[in-house]
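Understanding the architecture of this molecule
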Amino acid sequence: MISNKLNKIKAWADARLSKYFPAVHGAVLLIVIPAFFIVIVYFISILTEIIKDEEYRSVVDYEARLAALKQDLPPNSIVNYVSNSEAPDDLINAEYVLIPVRMVEGLKPMHDLLVFHNFNIAELPEFDGYALKKNYGNKVILFKRTK
């Protein structure tokens, strides 16, 4: 019974494909079938994010936090970027917001300026070879190289 219904659905789909795409049945199926499953998987992933209520930092959040810093950085300079965020796109978002400044993740090689983007610690960090230049008050701190 189930196989009979599946054969009817297959025959109907084949008739529709023959009507609209007579020469490219296989290519259309190779596009449509994966797209159908991708939409379902994407819907489930969005639904799980909503249910879990995960915190997602968008580029707009980075823009709000780094706006004052952007004015103090010289254009086309290279700065070190250190963050305690575990988000995989943390550096990408910061680089995007601070364009045309180029950012190097970590402390090596040392450049004249270091941006520390804090997300979860209360204490002011210390970096060897850098001194505090400006604390922006929104957990964004700019350091200047001393050595």
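In case you missed it, the structure is sitting above this.
Not measured: the values here are computed from a predicted model.

Criteria and cut-off values
- Residues numbered from 1 in each chain as written.
- Predicted model: local features only at pLDDT ≥ 70, side-chain atom pairs only at ≥ 80, totals over all residues.
- Heavy atoms only, no water.
- Helix = DSSP H or I, 4+ residues; strand = E, 2+ residues; numbered from the N terminus.
- Buried < 20%, exposed > 50% of the residue type's maximum accessible area, 1.4 Å probe, protein only.

Quick word on unusual backbone geometry
Note that the residue after I99, namely P100, is joined by a cis bond; omega there is 20°. By the element assignment, P100 lies in the loop between α4 (90-97) and β2 (102-105). Residues K108 and P109 are joined by a peptide bond in cis, for which omega reads -10°. Summarising the element assignment, P109 is placed in the loop between β2 and β3 (113-117). Phi is positive for N76, which is not a glycine, with a value near 60°. As for its placement among the helices and strands, N76 is situated in the loop between α3 (59-72) and β1 (78-83). Judged by relative accessible area, which is 52%, N76 ranks as exposed. With phi around 70°, K139 is a residue other than glycine that occupies positive phi space. Here K139 is to be found in the loop between β4 (130-135) and β5 (140-145). With a relative accessible area of 40%, K139 lands in the partly exposed category.

Take it as geometry only, folks, not as evidence of what the structure does.
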